[in-house]
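# Residue-level structural notes
The primary structure of each chain is shown beneath.
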Amino acid sequence: MFGRSSSSMVFRCLVTMYAVIVAQPPGGGPPDGGPPDGAAPPDGGPPNGGAPDGSTGTTITEEEPHIVVNSHKQCIPPAGTAQTITGHIYCDNYFEFWFNGELVAKDPMTFTPHNAVQVSFEWDGISDKEFAIMCMDYASTSGYEYTETSSAQIGDGVLMAEFSDGTVTGSGWNTFVVTHGPTDESETAGCSATNLDACVVTTATEPTGWTGAGFEVDGAWATATEYTADEAGWGRTPSWDTTASCCGTSTSPMTQATLSLNGGCSVIYTADNPDGEAVTVKQSECLNPQSVLSETRSKMIWSSNLKKDNKVLFRLKVAADASSGIQCPVCDAVVRTTQRIRREMRTLTDEEWGKVTAAMWIMKTTSQADGVAAYGASFRTYDYFVVKHLVAMVDLRGDQAHFGPMFMPWHSAFILEFENALLSVDPEILAMPYWDTTLTEPSVFTEKYFGSAPGTGANGEVIDGAFKYWPIASNFSMGDYKNAAGETISTTYTGSKTGMLRGPDATRTETTVLRFGTSTYAYDPNDFWKCANLDSFWYDWYECVEQGTAGGVGVVSGSLHSGPHAQIGGKSGDDSGDFEDVTASPNDPIFFFHHADVDRNAYWWMHVNADKRASAYGYPTEEASGIGPYAGMTYYGQHLMDRMGDAWGFSAQDLGFSDSMDLQTNADILCKVSPTTAVYTYDFITACIADGAACQATWGEQENATTTATTTAATTTTVAAVDDNTTTTTSQSQTSAATEMVASLVGGVLLVMLH
């Protein structure tokens, strides 16, 4: 249907667009996306795959972001479904919040710092949603603050809020001004910063019942005015003292000085206690508003007079049936009580590792027909996966497996299908191992494991390691490949320019895997856990592991996904190493171990965000937009109910879900490959659940510190959870022996209770 020229044109377009992205200078705007499977960063790029100066090109926040508003359209729960709504509120200076007539929260800090507060409340799913907020900027009876200094001034107020049901502040809210001043008339009469006695502040009576359910605004209320952060400001950023468990720093609205009590930490000013009065503040009430709120999602609002209106009431009514869109699919997958364990590759015994590599060689050297005859219907040739990856990436509608929310569902299914094929050859392997890129010792670039990087052959060929002289197919023909139903694949891909199983524009003719990169690659462990623990929605997590951002802020300095592709595969002139080859990176066996590790990150993220599972973790249902070379593009394959890469999709039978040949959607994978429903789990899961702190990230000044959670420690702790008599040391050799004991104790399957 399509000729080679069409495929080549698509590939060149993708590479050209990517080249534009990575050419951005250090310190400029952040790239729209990290490299795909195989794209290289500029020469001299950092190990984590970021910008040449070691960053992503954007400022990395030291505050843990909490994203409660999904910036993409998500599925709608069935009508009448009760919900817990969470959110963040920022008011300069003090607020009180009611929902449907019930008081939900009061700001514990009455003046400074300018903190955001996390809130949570219940909605019955039936009533209209009525939000009522009183927000008050501090002002004395003159309308001025800092009146005991030589520079009294008129402050300004602002309100900004975001809620998990999608409600955000904006011009749709109504306002009622309670206090205003100093009045224009009093200023005409001489009121000023040096003549406060002449100043007058007016006070209106609050409308009766304005906080209650069923209240209707009248003509006395006005439409809220939107402001920018440049106009209203973020104020004095709060800081949380972990040691003292207090929120700082509080200052006096009269003198502007730090309150002396407790160094201004978790204290407020009162007329009776001008040095400060101690208050109880939780960390969730001492949040940096810039880390939890974004002007791309919500707006700063106030009355029409930002400076002189000091106390303002806000209301918004949202009809119960206001939400519209695609209904959330019901997930009927069975919760598993046993799951096979994916272990870090270096914890395998020599015998176990030998079984993995032997099975992969069989997949590489056995035909599909012979493999099915010998090993059953789950068998796939190794090159089947290389071609499937290529077909997905060169799809003329847009890349079906990268640069969008479908990246992880597609790759999770891809690794699962590969794992099933691997186990069909040798069931004693038990599960697909993964490569933890945060661990550098022992090196995986050795004779035992992956061999050298760069390759030590004359032209960069990998001629050592468990996959030495790993062959790349020549004389490629797409006609040799069919899907599991025996159907011909419709694709533009016809092989490389030299007729090999490489990218459409590849010109290398070596028939062995090529590597031109480095063996010193390592990903920062703290960055791994930052993305894995992100309080966010699905697309935010993907942006974190791909381009280091989430919710519009920089979170980590490199790309968990793309970094190894670019840094290990590398380039030689214009030529890519096979792991760096944009479309055909599965040619290098490293691919499958690396992507199992990326899946590991997603697995833990789904666990900590389990409260979002009913809404498919906020996965976009429509109007999704790609990143990187597909920035701003929306197409089939990206959305929740789209079949994944349906030119060569994944049937339920391919993935071991059932005997059905129905192609699976992104929703199907989120349902059936979740921490509670997947056929597999990871060796660190039980340890992380038992000790939540072990798998958390460190934020702030120590954000690059190594976390306490390593694969080795997690594996041994997992063993302890199975058998209290098992020693919990952390040496590699003992971990391998302990893992063998787990296999013998539970038949190679880990009993996991995921709460």
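Scope of this entry: the structure provided in the associated data block. All of these numbers come straight from a predicted model, not from anything done at the bench. Every chain's residues receive numbers from 1 upward, in the order its sequence appears when written. The model is predicted, so local features are restricted to residues of pLDDT at least 70 and side-chain atom pairs to those at 80 or more, both for listing and for counting; the totals for chains, interfaces and linings are taken over all residues. Heavy atoms throughout the structure, all of them, feed into the side-chain values; hydrogens and water do not.

### Description of helix α12 (residues 590–608)
A rise of 1.5 Å per residue sets the reference length of α12, with its 19 residues, at 27 Å; its end C-alpha atoms lie 28 Å apart and thus fit the reference within 8%. When you tally the buried positions in α12, you get 18 out of 19 residues, the bulk of the element. Every helix listed is a DSSP run of H or I at least four residues long, and every strand listed is a run of E at least two residues long, numbered separately from the N terminus. In this scheme, a helix's expected span is set at 1.5 Å multiplied by one less than its residue total. Relative accessible area decides the class of each residue, using a 1.4 Å probe on protein chains only: under 20% of the type maximum gives buried, over 50% gives exposed, and in between gives partly exposed.

### Some details on the pairing of strand β2 (residues 94–99)
Of all six residues that make up β2, six are buried, and the element is covered over most of its length. Burial along β2 is two-sided: the residues Y94, E96 and W98 and F95, F97 and F99 are all buried. Paired strands are those between which DSSP finds at least two bridges. When β2 meets strand β5 (residues 129–136), the two strands line up antiparallel, connected through six bridges. When the bridges of β5 are listed, F99 appears paired with F131. Note: β2 against strand β3 (residues 102–106), four bridges, orientation antiparallel. Bridge pairing in β3 places F99 opposite E102.

### Some remarks on the nonpolar core
By nonpolar core we mean a set of buried residues, namely Ala, Val, Leu, Ile, Met, Phe, Trp, Tyr and Cys, connected to one another through side-chain atoms within 4.5 Å. Core analysis: the biggest nonpolar cluster contains 116 residues, and W353, L422, W435, F450 and F593 have the highest contact counts within it. In terms of residue count, the dominant contributor to this core is helix α8 (residues 407–425) (twelve residues). By definition in these notes, contact holds between two residues if any of their heavy atoms fall within 4.5 Å. Residues contacting F450, with those up to four places away along its chain left out, are M345, W353, W435, V444, F445, V462, D464, G465, F467, R515, I590 and F593. By size, the runner-up hydrophobic cluster in this structure holds 38 residues, among which are F97, A116, F121 and L293.

### Quick look at the packing of aromatic side chains
Only rings of Phe, Tyr and Trp enter the pairing, Trp through its six-membered ring, and a pair is recorded when the two centres are within 6.5 Å. The plane angle decides the type: under 30 degrees is stacked, over 60 is edge-to-face, the rest tilted. This structure, assessed with the given rule, holds 61 aromatic pairs. Here W541 and W605 contribute two aromatic rings whose centre-to-centre distance is 6.5 Å and whose plane-to-plane angle is 40°, an arrangement assigned as tilted. Of this pair, W541 sits in helix α10 (residues 538–547) while W605 sits in helix α12, and the two are 64 residues apart along the sequence. Each ring is checked for a lysine NZ or an arginine CZ that lies within 6 Å of its centre and within 35 degrees of its normal; such an atom marks a charge sitting over the ring. Lying across the ring of W123, K129 places its NZ or CZ 4.5 Å from the centre.

### Topic: helix α11 (residues 562–569)
Most of α11 is tucked away: eight of the eight residues are buried. For α11, every residue scored as buried is listed here: S562, G563, P564, H565, A566, Q567, I568 and G569. The inward-facing, buried residues of α11 contact α10, β20 (571–572) and α12. Phi turns positive one or two residues past the end of α11, at G570, with a value near 65°.

### As for the environment of D574
Locating D574 in the fold gives a position in the loop between β20 and β21 (575–576). What makes D574 exposed here is its relative accessible area of 74%. When the C-alpha atoms of D574 and T507 are compared, they prove to be 9.7 Å apart, with 67 residues separating the residues in sequence.

### Structural notes on the state of the cysteines
Should the sulfur atoms of two cysteines be covalently bonded, the bond is a disulfide. Disulfide: a pair of cysteine sulfur atoms within 2.5 Å of each other. Inspection of the entire model under this criterion finds eight disulfides. The disulfide bridge from C247 ends at C286, spanning 2.1 Å between sulfur atoms. Sign of the S-S torsion, about 80° for the bond between C247 and C286, identifies this disulfide as right-handed. Of this pair, C247 sits in strand β12 (residues 246–248) while C286 is found in the loop between β14 (277–278) and α4 (289–292), placing the two residues 39 residues apart along the sequence. The exposure class assigned to C247 is buried, which follows from its relative accessible area of 0%. In this structure C286 comes out as buried when scored by relative accessible area, which is 5%. Sulfur-sulfur distance for the disulfide between C531 and C544 comes to 2.0 Å. A torsion of -80° about the S-S bond marks the disulfide between C531 and C544 as left-handed. In this pair, C531 is assigned in helix α9 (residues 525–532) and C544 in helix α10, connecting sequence segments 13 residues apart. One exposure class covers both C531 and C544, and it is buried.

### Observations regarding the packing of α11 against α12
Two elements in contact, α11 and α12, have axes separated by 10 Å at closest approach and are oriented at 155°. The pairing of α11 with α12 is recorded here as roughly antiparallel in orientation. As for how α11 packs across α12, the hand of that crossing is right-handed. Along the contact surface, α11 presents P564, H565 and I568, while α12 presents I590, F591, H594 and H595. Throughout, the ten residues Ala, Val, Leu, Ile, Met, Phe, Trp, Tyr, Cys and Pro are labelled nonpolar, Asp, Glu, Lys and Arg are labelled charged, and all others, Gly among them, are labelled polar. Here the contact of α11 with α12 is composed, by residue class, of four nonpolar, three polar and no charged. Axis lines are fitted through C-alpha atoms, for helices just across the contact stretch, and the angle between N-to-C directions can take any value from 0 to 180 degrees. For classification, angles of less than 35 degrees are called roughly parallel, those exceeding 145 degrees roughly antiparallel, those between 65 and 115 degrees roughly perpendicular, and all remaining angles oblique. Note on convention: near helix rotated counterclockwise from far helix by under a right angle means a left-handed crossing. Clockwise means right-handed.

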